[in-house]
Amino acid sequence: MPMASPQTLLLCLLVLAVIEGQGRQAAIPGCHLHPFNVTVRSDRKGTCQGSHVAQACVGHCESSAFPSRYSVLVASGYRHNITSVSQCCTISTLRKVKVHLHCGGDRREELEIFTARACQCDMCRLSRY
């Protein structure tokens, strides 16, 4: 059976890469800003409302798990046999943006909301901004 030439193999790989990437955004490694639309209402009835493109932090950060050192095993009474280290994609800097609300007629209001300015891989924690 004849072997394919290097050029043919390269062309096949390029075609596969293009087909694989179509229809969805390729996963970008790291932690980065991602825009999303947000609708802001002045109350539950939506008396005044407006929309704005805000920024979120999305992506992948490093994590690992490995057998604990002997000293950790002894110190934990042999209960901490796996040590894990992980980081999460988090907002490192916020900024305020103004959202212009339309209230019907000529009435307008303005409201400030927070959006991400910068992202980073950092210690994972449960928090509310």
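Overview of the structure. (Residues numbered from 1 in each chain as written. Predicted model: local features only at pLDDT ≥ 70, side-chain atom pairs only at ≥ 80, totals over all residues. Heavy atoms only, no water.)

The next point concerns the side chain of Thr115. The topology assignment puts Thr115 in strand β5 (residues 108-123). Judged by relative accessible area, Thr115 falls into the buried class, the value being 3%. A distance of 2.5 Å separates a polar side-chain atom of Thr115 from the backbone nitrogen of Gln55. (Helix = DSSP H or I, 4+ residues; strand = E, 2+ residues; numbered from the N terminus. Buried < 20%, exposed > 50% of the residue type's maximum accessible area, 1.4 Å probe, protein only. Polar contact = N/O pair within 3.5 Å; in protein donor to acceptor, adjacent residues only side chain to side chain.)

Glancing now at the environment of Cys48. Among the structural elements, Cys48 can be located in the loop between β1 (31-41) and β2 (49-59). In this structure Cys48 comes out as buried when scored by relative accessible area, which is 1%. The spacing of Cys48 and Glu110 is 62 residues in sequence and 9.7 Å in space, taken between C-alpha atoms. Apart from the residues lying within four places of it in its own chain, the contact partners of Cys48 are Val40, Arg41, Ser42, Leu101, His102, Cys103, Arg107 and Glu109. (Contact = heavy atoms within 4.5 Å.)

The general pattern is negative phi for most residues beyond glycine and trans for most peptide bonds. The phi dihedral of Tyr78 falls on the positive side, at around 65°, and the residue is not glycine. Mapped onto the secondary structure, Tyr78 falls in the loop between α2 (70-75) and β4 (82-102).

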